[in-house]
Amino acid sequence: MGRKKPRLLLAVETSCDETSAAVLEPGNILSNIILSQDEIHSPYGGVVPELASRQHIRSIDYVVGESLSQAGVSLEEIDLFAVTQGPGLIGSLLVGLTLTKGLAYYFRKPLIGVDHLQAHIEAAFLENPQIEFPVLALLVSGGHTSLYFLKRPLNYELLGKTRDDAAGEGLDKIAKFLGLGYPGGPIIEKLAEGGNSSRFHFSVPRLKTSGYDFSFSGLKTAALKIIKENNLNKEHPALSDFLASFEEIVVKSLLENLTRAMEKFEPRSLVLCGGVARNKRLRLRFSEIARQNQLPAYIPSPRLCTDNAGMVGALAWKKYQQTPDITLDLDLDAYPR
Ligand code: KG4
Ligand code: ZN
């Protein structure tokens, strides 16, 4: 391994249906290329794992090449490699892992494995390095809905997670049922605009727990019941009101847990992250709650909320700075969950 201080890092993210590569200096993204597979999965209303891994294989060379050329650097100049290890789809993860392992081996450079969920949280730190600890972080994505407490940097205490569907998954499934397309979250957000969010009432059984776990399958069932009872479909005039009401209840359930945890853990900052954190209603309500509690709220800009290699690289830099003797571990493996 070279002795000079590393300057450039190449990060790769292929955990689900975005092929992404980024080049970073410490604390600064030089390029962050994201190639979405939405069009491929859209006809199925959700991600088809086998199609996702095949598409990563087709795209990865191009995406890495673009990230290097946009950053104006060559592969030989990269000092560190980083990759998402998990959680995610195993076949998809292996594409990024195999590629970066090969590159790190060939160039005799370290490879840093990164947790995808921790990387989502890091997106907030990347844009706001001044965030004060302790931090309460709400991660809302298509595969996960989790609440973390960070006493200090790189110290993740999982307070609660979903017991069934993730919030994004719930939005995607309702959109699929109504034939609206994939991914459901942004489509629902658009169609719900201007809708009356108090028109439909969802009777949802409360989770019997004193902890901070989430549950969205009851909400999904309640939503399906309303759809059937009111014969709602794509063209129905009440669709916008229904979607606004659904979005509102999803946001409310997410923030209930956050509020309870805030009282117990007394954080100094709040972070909202993950793909669903692009949602305007959620961003607004989250910021309102923070304001009411006189806490600063940090939400990554929309492009850094959904899956991207920039957040992976940012976390990798932090891990490297904490453990600079990190090397290439050829046993580094992918983990699905
Ligand atoms: O974090 P992410 O890119 O992938 C996972 O790690 O799962 O999140 C994808 C999820 C999808 O469920 C998608 O519907 C949701 O984020 N999403 C949104 C919005 N944009 C993406 N949900 C609500 N409103 C949005 N604007
Ligand atoms: Zn994600």
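Residues numbered from 1 in each chain as written. Chains lettered and ligands numbered in written order. Predicted model: local features only at pLDDT ≥ 70, side-chain atom pairs only at ≥ 80, totals over all residues. Heavy atoms only, no water.

Regarding the coordination of the zinc ion (ligand 2)
At 2.0 to 2.1 Å from the zinc ion (ligand 2) lie its protein donor atoms, namely His116 (NE2), His120 (NE2) and Asp307 (OD). In the primary sequence, the donor residues of the zinc ion (ligand 2) line up as H-x3-H-x186-D. Taken together, the residues span a long stretch of sequence, with histidine 116 in helix 4 (residues 116-127) and aspartate 307 in the loop between helix 10 (302-305) and helix 11 (309-322) at a distance of 191 residues. In this structure histidine 116 comes out as buried when scored by relative accessible area, which is 6%. (Donors = N, O, S within 2.8 Å, 3.2 Å for Na, K, Ca; no water. Helix = DSSP H or I, 4+ residues; strand = E, 2+ residues; numbered from the N terminus. Buried < 20%, exposed > 50% of the residue type's maximum accessible area, 1.4 Å probe, protein only.)

Here's the deal with the pattern of salt bridges
Tallied over the entire structure, the rule returns 13 salt bridges. Two residues, lysine 220 and aspartate 165, come together in a salt bridge whose shortest N-O distance is 3.0 Å. Residue lysine 220 is found in helix 7 (residues 217-229), and its partner aspartate 165 is found in the loop between strand 8 (157-161) and helix 5 (167-177); the two are separated by 55 residues along the sequence. Residue glutamate 247 pairs with arginine 281 through a salt bridge whose shortest N-O separation is 2.5 Å. Taken together, the residues span a long stretch of sequence, with glutamate 247 in helix 8 (residues 239-265) and arginine 281 in helix 9 (residues 280-292) at a distance of 34 residues. Here arginine 281 falls in the buried class, since its relative accessible area comes to 16%. Taken together, the salt bridges that share partners define one network made up of Asp165, Glu169, Lys173 and Lys220. (Salt bridge = Lys/Arg side-chain N within 4 Å of Asp/Glu carboxyl O.)

Description of the domain arrangement of the protein
Segmenting the protein into domains produces domain 1 (9-120 + 306-322) and domain 2 (132-295). One C-alpha centre belongs to domain 1, the other to domain 2, and the line joining them spans 27 Å. Facing the 17 residues of domain 1 at the interface are 12 residues of domain 2. Carbon and sulfur atoms make up 65% of the surface buried where domain 1 meets domain 2, a total of about 1400 Å² over both sides. Taken as a group, Leu117, His120 and Thr306 account for 38% of the area that domain 1 buries against domain 2, more than any other trio of residues on that side. Where domain 1 touches domain 2, the interface holds three residue pairs in polar contact (both at pLDDT 80 or more). Where the side of domain 1 that touches domain 2 is concerned, the elements lending two or more residues are helix 1 (38-41), helix 4 and helix 11. Broken down by element, the residue count for the side of domain 1 that touches domain 2 peaks at four residues, all from helix 11. Considered class by class, the residues forming the side of domain 1 that touches domain 2 number five nonpolar, eight polar and four charged. (Domains from an automatic or database assignment. Contact = heavy atoms within 4.5 Å. Buried area = accessible area lost by both parts, 1.4 Å probe. Polar contact = N/O pair within 3.5 Å; in protein donor to acceptor, adjacent residues only side chain to side chain. Nonpolar A, V, L, I, M, F, W, Y, C, P; charged D, E, K, R; others polar.)

Overview of unusual backbone geometry
Residue proline 87 is reached from glycine 86 by a cis peptide bond, and omega for that bond is -5°. Locating proline 87 in the fold gives a position in the loop between strand 4 (80-86) and helix 3 (90-107). Here the bond from phenylalanine 133 into proline 134 is cis, since omega is -5°, no more than 30 degrees from zero. Here proline 134 is to be found in the loop between helix 4 and strand 6 (135-140).

As for helix 2 (residues 49-71)
Two residues of an α-helix separated by three or four positions point the same way, owing to the 3.6 residues in each turn. Taking 1.5 Å per residue, 23 residues should reach 33 Å; helix 2 reaches 31 Å between its end C-alpha atoms and fits that length. Along helix 2, the sharpest change in direction is near 45° and occurs at serine 59. Listing the buried residues of helix 2 in full gives Ala52, Ser53, Gln55, His56, Ser59, Ile60, Val63, Val64, Ser67, Leu68 and Ala71. On its buried face, helix 2 sits against strand 1 (9-13), strand 2 (18-25), strand 3 (28-36), helix 1 and helix 3. Backbone geometry just after helix 2 places glycine 72 at a positive phi near 70°. (Expected span 1.5 Å × (residues − 1). Bend = angle between axes of the 7 residues up to and from the residue.)

Some remarks on the pairing of strand 8
Sheet analysis places strand 7 (residues 145-150) next to strand 8, joined by four bridges and oriented antiparallel. Following the sheet pairing, phenylalanine 149 is matched in strand 8 by glutamate 157. Between strand 7 and strand 8, which pair antiparallel in sequence order, lie six residues; one of them, leucine 154, sits at a positive phi of approximately 65°. (Pairing = 2+ DSSP bridges.)

Some remarks on the nonpolar core
The biggest cluster of nonpolar side chains holds 50 residues, and the ones touching the most others in it are Leu136, Leu138, Leu147, Phe202, Phe242, Phe246 and Leu254. Elements with a contribution of two residues or more to this core: strand 6, strand 7, helix 5, helix 6 (184-192), helix 7, helix 8, strand 9 (269-273) and helix 9. Other than its neighbours up to four places away in sequence, phenylalanine 202 contacts Leu219, Ala222, Ala223, Ile226, Phe242, Ser245, Phe246 and Ile249. Residues Leu9, Leu80, Leu117 and Val312 belong to the second largest nonpolar core, which totals 34 residues. (Core = buried A, V, L, I, M, F, W, Y, C linked by side-chain atoms within 4.5 Å.)

A short note on the sheet that holds strand 9
Sheet strands line up and pair through hydrogen bonds in the backbone, either parallel or antiparallel. Read from one edge of the open sheet, five strands run 8-7-6-9-10, paired in mixed fashion. At either margin of the open sheet sits one strand with a lone partner, and together these are strand 8 and strand 10 (297-298).

Focus: the pairing of strand 3
Bridge analysis of strand 2 against strand 3 gives eight bridges, and the strand direction is antiparallel. By the bridge assignment for strand 3, valine 23 is matched with serine 31.

Here we look at the site of ligand 1
In the vicinity of ligand 1 lie 19 residues, with Gly142, Asp172, Gly185, Glu189 and Asp307 positioned nearest. Glycine 143 places a polar main-chain atom, nitrogen or oxygen, 3.0 Å from an oxygen atom of ligand 1. Within the contact set of ligand 1, an oxygen atom lies 3.0 Å away from a backbone nitrogen or oxygen of glycine 185. Out of a free accessible area of 560 Å², ligand 1 has 91% covered by protein chains. Elements supplying a minimum of two residues to the shell around ligand 1: helix 4, helix 5 and helix 6. For the shell around ligand 1, the element with the highest residue contribution is helix 6, accounting for four residues. Here the shell around ligand 1 is built from residues that sort into four nonpolar, 11 polar and four charged. (Near = heavy atom within 4 Å. Areas by Shrake-Rupley, 256 points an atom, 1.4 Å probe, with all protein chains shown as cover.)

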